[in-house]
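Letter by letter, the chains look like this.
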Amino acid sequence: MSAPAVATGYGGRLTVDLGALKRNWQALDKVSRGALTGAVVKADAYGTGIAQSSKAFYEAGARFFFAATPDEGIAVRAALPDDSHIFILNGLYPGSAPLYVGERLMPCLASIPMLEEWLKACLARSQALPAALHFDTGINRLGFRLNEAATVKRMIEQVGYAPQMIMSHLACADVPQHEKNRTQLALFASVMSQFPNVPASLSNSAGLMTNRDNHFQMVRPGIALYGGRAVPSRRNPMAPVVTLEAPILMVKEVKTGEAVGYGALQTMHRDSRIAIVGIGYADGFFRSLSSADNHRGTSVVIGGVPCPVVGRVSMDMIGVDVTDLPQLPAPGAMAEIIGRTVTVDDHADVAGTIGYEVLTSLKGRYVRQYVESVGPATA
Ligand SMILES: *Cc1c(COP(=O)(O)O)cnc(C)c1O
């Protein structure tokens, strides 16, 4: 049996609030007044749907979009009006310059070979094709090394090329007091002085929310747009965007002394009622959210009440203790897996990961639906 081509609605239901997305973008745009506010839409817009979410940001006012790959860039290009500008964070893939040119994608050039290939494409077309220069100020991931700045400068001056933007990425912005933030900011300033009059961009969500000095001409928020917590040590001011629900398949009576799920890892200490809910690790409900006798897992919300997961998370289902609910839930009723009560970050904390991973794992067998709430701006 293969998966059905069209979800019928019997699986989980992922609701994305486009109104919240727009308010989050506008709130961050206000915080970074003076800089342009981009929208990072990589990884299917953090699991929310790249076309729908990009459109929402555009409607909110965004004109600069950051995707990771050219495929994502093409999806954004197809979804948005012509006056949107799309950067490809992963840079230029070898041999892909014609694709970028055709789709009007701007690579964040991160290495000398990438720059060589792009300048070659510019010369071949006698056109200064727009691109960003990505400098590595200490994360040691993508980006030119700082001692390559002079070479980069020489290469672009030789052909009279002016980049659209210079950028760098912070390694520790989620820890505002981290020493590395100051080091990277200083190193980025030194790069900027070598490329005067070129717009500059340094900040992800946390960078823009924690220090005005990081804003420069463009900010690049991702996680905060999607309601995620960018700075763990602070209250999260963003509006929640994603609600995930899954259906209760049946309610099972489990007697004292019996165990629930694979491995028989959790034994019931009273006669219990266990709701079997149709969501599992194949749906991004991580196995690390499991419960055992010696380890408390996560909770999901049934009838408005957080109820603990019991035993191991299976591929397609979980057990949830509903013994204490005043009213037994009926099969077909929905359990809220992620929402306002148990947030993306609550799940992430229990699973030992981050909200980014929770959000970007929400694919698979859901029906995705879009709503547009109205509400006050947050942040
Ligand atoms: C993912 C990414 C961002 C956005 O980061 P958030 O922490 O989600 O705000 C910004 N810049 C670069 C280079 C990225 O890779």
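How each quantity is defined
Residues numbered from 1 in each chain as written. Predicted model: local features only at pLDDT ≥ 70, side-chain atom pairs only at ≥ 80, totals over all residues. Heavy atoms only, no water. Phe/Tyr/Trp six-rings, centres within 6.5 Å; stacked < 30°, edge-to-face > 60°. Helix = DSSP H or I, 4+ residues; strand = E, 2+ residues; numbered from the N terminus. Buried < 20%, exposed > 50% of the residue type's maximum accessible area, 1.4 Å probe, protein only. Near = heavy atom within 4 Å. Polar contact = N/O pair within 3.5 Å; in protein donor to acceptor, adjacent residues only side chain to side chain. Areas by Shrake-Rupley, 256 points an atom, 1.4 Å probe, with all protein chains shown as cover. Nonpolar A, V, L, I, M, F, W, Y, C, P; charged D, E, K, R; others polar. Domains from an automatic or database assignment. Pairing = 2+ DSSP bridges. Contact = heavy atoms within 4.5 Å. Axes fitted to C-alpha atoms, helices over the stretch in contact; angles between N-to-C directions.

Asks: Explanation requested: the packing of aromatic side chains in the structure shown.
Replies: The geometry of two aromatic rings is summed up by the distance between their centres and the angle between their planes. Here the structure, examined in full by the defined rule, presents 8 aromatic pairs. Geometrically, the ring pair formed by tyrosine 46 and tyrosine 226 is stacked, given 4.6 Å between the ring centres and 15° between the ring planes. Taken together, the residues span a long stretch of sequence, with tyrosine 46 in helix α2 (residues 42–47) and tyrosine 226 in the loop between β10 (218–219) and β11 (242–254) at a distance of 180 residues. Classification of tyrosine 46 as buried rests on a relative accessible area of 5%. With a relative accessible area of 2%, tyrosine 226 lands in the buried category. Residues tyrosine 100 and tryptophan 118 carry aromatic rings whose centres are separated by 6.2 Å and whose planes lie at 70° to one another, so their mutual orientation is edge-to-face.

Asks: Looking at this structure, I do not really get the site of the ligand. What am I missing?
Replies: Near the ligand lie 13 residues; those nearest to it are Lys42, Tyr46, Ser205, Ile223 and Tyr356. Lysine 42 places a polar side-chain atom, nitrogen or oxygen, 2.7 Å from an oxygen atom of the ligand. With respect to the ligand, the side chain of tyrosine 46 contributes an N or O atom lying 2.6 Å from an oxygen atom. Within the complex, 93% of the 390 Å² of free accessible area of the ligand lies under protein. In terms of residue class, the shell around the ligand is built from 6 nonpolar, 4 polar and 3 charged.

Asks: How should the side chain of threonine 37 be read in this particular structure?
Replies: Examined against the element boundaries, threonine 37 turns out to sit in strand β2 (residues 36–37). Of the residues examined, threonine 37 reaches a relative accessible area of 4% and is grouped as buried. Within the structure, threonine 37 has its side chain in polar contact with the side chain of serine 32 (distance 3.0 Å).

Asks: How do you make sense of the domain arrangement of the chain when you look at a structure like this?
Replies: It is common to report an interface's size as the accessible area lost on association of the parts. Partitioning the chain into structural domains gives domain 1 (18–226) and domain 2 (242–342). Look at where the C-alpha atoms of domain 1 and domain 2 centre, and you get two points 42 Å apart.

Asks: Is there a simple way to think about the sheet that holds strand β9 (residues 200–203) in this case?
Replies: Hydrogen bonding along the main chain pairs the strands of a sheet, whether they run parallel or antiparallel. Reading across from one edge, β2-β10-β9-β8-β7-β6-β5-β4-β3 is the order of the 9 strands in this open sheet, with parallel pairing throughout. Only two strands of the sheet have a single partner each, and these edge strands are β2 and β3 (39–40). Strand direction decides the pairing type here: β3 and strand β4 (residues 64–67), joined by 2 bridges, are parallel. Looking at the pairing, valine 40 lines up with phenylalanine 66 of β4. Across the sheet, helix α4 (residues 70–79) lies against β4, β5 (85–88) and β6 (105–109), angled at about 170° from β5, the strand it touches most. Packed onto the sheet, helix α6 (residues 112–125) meets β6 and β7 (132–134) and runs at close to 145° relative to β6.

Asks: Looking at this structure, I do not really get the environment of isoleucine 156. What am I missing?
Replies: Looking at the secondary structure, you find isoleucine 156 in helix α7 (residues 149–158). Its relative accessible area of 4% is what places isoleucine 156 among the buried residues. In this structure the C-alpha to C-alpha distance between isoleucine 156 and leucine 119, which are 37 residues apart in sequence, comes to 7.7 Å. Excluding residues within four positions of it along the chain, isoleucine 156 makes contact with Leu115, Leu119, Leu133, Tyr161, Pro163 and Phe195.

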